[in-house]
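Read off the chains here:
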Amino acid sequence: QVQLVESGGGLVQAGGSLRLSCVGRMNGFSINTMGWYRQAPGKQRELVATITSLNNTNYGDSMKDRFTISRDDAKNTVHLQMNNLKPDDTAVYYCLMVIAADETAYWGQGTQVTVSS
C-alpha cells in the first residue's frame with residue numbers, strides 16, 4: 001500500500017524557519033513529480049512547490065524567494081526548507097507524489113504549520 005509520511009511541522013515565530021520532510025513508501029514505483037501544497041482555513045488548496053525527476057522546480061508566487069524544495073530519490077523523500085516565515089504561511093501542508101508509470105497522485109495526511117506574529 002502506498003503511504004506518504006510527513007514530518008517537521010510545528011509552531012514558529014514570524015521570521016523563523018521550518019523544514020518539512022515527506023517519505024514515500026511507494027511499493028517500488030518510480031516517482032515523477034514530488035511536491036507540497038497547502039491549505040489555510042477557509043481557503044482553497046494552493047501550490048507551494050513541486051520538483052520533477054529532472055529537478056525542475058516550480059514555486060507558488062509568494063514562496064519563490066523564501067522556500068526551497070529538494071528531493072532524495074534514493075530515499076523517496078522530498079524536503080521543503082521554509083525561511084522567513086510569515087503569519088500568512090499558516091496552513092496545513094500536504095505532500096504530493098506522482099507515480100511515473102501512470103501519473104497517479106498520492107497525498108500525505110498533512111502537517112500543520114503555524115506562524116505567530
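Residues numbered from 1 in each chain as written. Predicted model: local features only at pLDDT ≥ 70, side-chain atom pairs only at ≥ 80, totals over all residues. Heavy atoms only, no water.

**Here's the deal with the overall build of the chain**
For step 1, the next point in the chain: A count of helical and extended segments in the chain gives zero helices and eleven strands.
For step 2, the next point in the chain: Seen in sequence order, the chain has helices and strands lined up from the N terminus as β-β-β-β-β-β-β-β-β-β-β.
For step 3, the next point in the chain: In summary, the chain has a C-alpha radius of gyration of 14 Å against a globular reference of 13 Å for 117 residues, a match within 12%.
For step 4, the next point in the chain: Along the three orthogonal principal directions, the C-alpha set of the chain runs to about 45 × 25 × 25 Å.
For step 5, the next point in the chain: Here the chain holds 117 residues, and the buried ones make up 42% of them.
For step 6, the next point in the chain: In the chain, of all internal contacts separated by at least 6 residues, the share reaching a separation of at least 24 is 53%.
For step 7, the next point in the chain: Accessible surface for the chain amounts to roughly 6,200 Å². Of this, 45% is attributable to carbon and sulfur atoms.
For step 8, the next point in the chain: Between the centroid of the 10 positive side chains of the chain and the centroid of its 10 negative side chains there is a distance of 5 Å. (Helix = DSSP H or I, 4+ residues; strand = E, 2+ residues; numbered from the N terminus. Rg over C-alpha atoms; globule rule 2.2 N^0.38 Å. Buried < 20%, exposed > 50% of the residue type's maximum accessible area, 1.4 Å probe, protein only. Contact = heavy atoms within 4.5 Å. Areas by Shrake-Rupley, 256 points an atom, 1.4 Å probe, with all protein chains shown as cover. Lys, Arg positive; Asp, Glu negative; His and termini not counted. Charge placed at Lys NZ, Arg CZ, Asp CG, Glu CD.)

**So, the environment of Asp-89**
For step 1, the next point in the chain: With respect to the helices, strands and loops of the structure, Asp-89 is situated in the loop between strand 8 (77-82) and strand 9 (91-99).
For step 2, the next point in the chain: Residues Asp-89 and Ser-70, spaced 19 residues apart in sequence, show a C-alpha to C-alpha distance of 19 Å.
For step 3, the next point in the chain: Residues contacting Asp-89, with those up to four places away along its chain left out, are Arg-38, Arg-66, Phe-67, Asn-84, Val-113 and Val-115.

**Comments concerning the sheet that holds strand 3 (residues 18-25)**
For step 1, the next point in the chain: Spatially, 1-3-8-7 is the arrangement adopted by the four strands of the open sheet, whose pairing is antiparallel. Strand pairing shows two members of the sheet lacking a second neighbour, strand 1 (3-7) and strand 7 (67-72), which therefore form its edges. Averaged over all neighbouring strand pairs, the angle between strand axes comes to 15°, with direction disregarded.
For step 2, the next point in the chain: Sheet topology note: the strand 3/strand 8 ladder contains six bridges and is antiparallel. By the bridge assignment for strand 8, Leu-20 is matched with Leu-80. (Pairing = 2+ DSSP bridges. Axes fitted to C-alpha atoms, helices over the stretch in contact; angles between N-to-C directions.)

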